[in-house]
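# Examination of the molecular architecture
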Amino acid sequence: MAGRFAPTPTSDLHLGNLRTALLAWVMARSTGRGFIVRIEDLDQARVKAAPGVAQRQLDDLAALGIDWDGDVLWQSQRFDLYRQYAATLDTYECFCSRAEIAAASQAPHGDYRPYPGTCAKLTRAQRAARRGEGRAPAIRVRAGGAFMTVHDVHAGDVTGAVDDFVLIRGDGTPAYNLAVVVDDGLQAVDQVVRGADLLTSAPRQAWLATQLGFPVPTFAHVGLAVNSSGVRLAKRDGAVTLRALREQGFEATDVLGLITDSLGWPRIGANELVDAARHQPLLDAPAVWAPWVVTRPAS
Ligand code: GLU
């Protein structure tokens, strides 16, 4: 069984992403699991607008001493596979625009607006009429108002409503929730460590895993990196990537030091890397699960 890190290659990994990767690696390696890296390059338009990012992400992981097993998996090479899995499910075509869904849905849960089911009962004639208007349908799974409970190492049991979420976008691109579940299932991932922003997606994904006959992984959603205003860390926050910090004279081990400091772990030595077995007991540190307020990392 394995743990994994699955970056989207649209921008360089920032300190928060690197910290999540390190934690995923420590949790997997210290429990005798394999560790895989998967490039989630589904959104080809955005990926092509940021050439070279995936390779830099891999280089950054390696520079921090994070190793992985086997070949890196690229989701862009598996679109047909994801579509085949979608085809085994009870689905329907959805012609709604984002604006229509926003207008029809109730108060949003965080950023996520559960789909209100507008297209769930369209007749064949209504579907043909909408296609005639030039609308390309997305494919949604029929979840039937399900609820699903997942176990998160820190948050405990988390129950969420499962809406009729999108499996295939209107342009034919498989959706993140589908690809991530198929790949975690096929790659024998039984431990999902990632940023706390994805905790609310876990019940939906776990439900889909059971529908597709895959076991549900254990989850560990770790603290996100935020800036001094409490907003999720981004490029505009200055030198927050390994590359940018290196340009300011920092070494990879200095960056590891910033990360281990943020976790409340003792400083590692100048030429040392994080040791999964030795650091495992430190995973209980409260800072692992709390937001990391990154204040001027380069000063
Ligand atoms: N590719 C997603 C991201 O970069 C992570 C997916 C996951 O870990 O489940 O945010």
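Here, every reference points to the structure presented above.
This section reports on the structure supplied with the text. Computed from a predicted model, the values in this text were never measured in an experiment. By convention here, each chain's residues receive numbers from 1 onward along its written sequence. Where local features are concerned, this predicted model is filtered to residues with pLDDT of at least 70; where side-chain atom pairs are given and counted, the filter is 80 or more; whole-chain, interface and lining totals use all residues. Calculation of side-chain values draws on the structure's entire complement of heavy atoms; hydrogens and water are dropped beforehand.

## What to know about the site of the ligand
Definition of nearness: a residue and a molecule or strand are near each other if at least one heavy atom of the residue lies within 4 Å of the molecule or strand. In the vicinity of the ligand, the residues found are Arg-4, Ala-6, Pro-7, Thr-8, Glu-40, Tyr-176, Val-180, Arg-194 and Leu-198. Counting of polar contacts relies on pairs of N or O atoms within 3.5 Å, with two restrictions inside protein: one atom must be capable of donating a hydrogen and the other of accepting it, and residues adjacent in sequence are counted only when both atoms are side-chain atoms. Within the side chain of Arg-4, one N or O atom sits 2.6 Å away from an oxygen atom of the ligand. In the environment of the ligand, an oxygen atom lies 2.9 Å from a nitrogen or oxygen atom belonging to the side chain of Tyr-176. Here the Shrake-Rupley method, with its probe set to 1.4 Å, supplies the accessible areas, and only the displayed protein chains count as covering residues. When the ligand is considered free in solution it has 300 Å² of accessible area, and contact with the protein chains removes 77% of it. In the scheme used here, Gly and all other residues not listed as nonpolar or charged are polar, with Ala, Val, Leu, Ile, Met, Phe, Trp, Tyr, Cys and Pro taken as nonpolar and Asp, Glu, Lys and Arg as charged. In the shell around the ligand, the residues fall into five nonpolar, one polar and three charged.

## Looking at the pairing of strand β6 (residues 147-152)
Under the scheme applied here, a residue whose accessible area is under 20% of the maximum for its type counts as buried, over 50% as exposed, and between as partly exposed, the area being computed with a 1.4 Å probe on protein chains only. Secondary structure elements are defined from DSSP: runs of H or I of at least 4 residues count as helices, runs of E of at least 2 residues count as strands, and each element is numbered from the N terminus. The alternating pattern of β6 places Met-148, Val-150 and Asp-152 on a buried face, while none of Phe-147, Thr-149 and His-151, on the opposite face, is buried. For two strands to pair, DSSP has to find at least two bridges joining them. Across six bridges, the pairing between β6 and strand β7 (residues 156-161) is antiparallel. Across the sheet, residue Met-148 finds its bridge partner in β7, namely Gly-160. Between β6 and β7, which pair antiparallel in sequence order, lie three residues.

## Thoughts on the packing of helix α1 (residues 15-29) against helix α10 (residues 252-262)
Axes here mean lines fitted to C-alpha atoms, for a helix over just the part in contact, with angles spanning 0 to 180 degrees between N-to-C directions. Where α1 contacts α10, the two axes come as close as 10 Å, and the packing angle between them is 75 degrees. For the element pair α1 / α10, the angle class is roughly perpendicular. Here Leu-15, Leu-18, Arg-19 and Leu-22 of α1 lie close against α10, whose contacting residues are Val-255, Leu-256, Leu-258, Ile-259 and Ser-262. Any angle from 65 to 115 degrees is called roughly perpendicular, while one under 35 is roughly parallel, one over 145 is roughly antiparallel, and all others are oblique. The criterion used for residue contact is that any of the two residues' heavy atoms lie within 4.5 Å.

## Considering the pattern of salt bridges
Should a side-chain nitrogen of Lys or Arg be within 4 Å of a carboxyl oxygen of Asp or Glu, the pair is scored as a salt bridge. Overall, the coordinates contain 19 salt bridges when judged by the stated rule. Residue Arg-38 is joined to Asp-183 by a salt bridge in which the shortest nitrogen-to-oxygen separation is 3.8 Å. One end of the pair, Arg-38, is in strand β2 (residues 34-39); the other, Asp-183, is in helix α7 (residues 176-186), and 145 residues separate them in sequence. Look at Arg-38 and you get buried, because its relative accessible area is 0%. Within the structure, one salt-bridge network assembled from shared partners comprises Arg-4, Arg-38, Glu-40, Arg-78, Asp-183 and Asp-184.

## Examining the state of the cysteines
Criterion for a disulfide: a pair of cysteine sulfur atoms at a distance within 2.5 Å. One pass over the full model with this rule turns up zero disulfides. Considering cysteine sulfurs only, Cys-96 is the nearest to Cys-94, which forms no disulfide, with 4.0 Å between them. Looking at the unpaired Cys-119, the closest cysteine sulfur is the one in Cys-96, lying at 3.7 Å. Its relative accessible area of 5% is what places Cys-119 among the buried residues.

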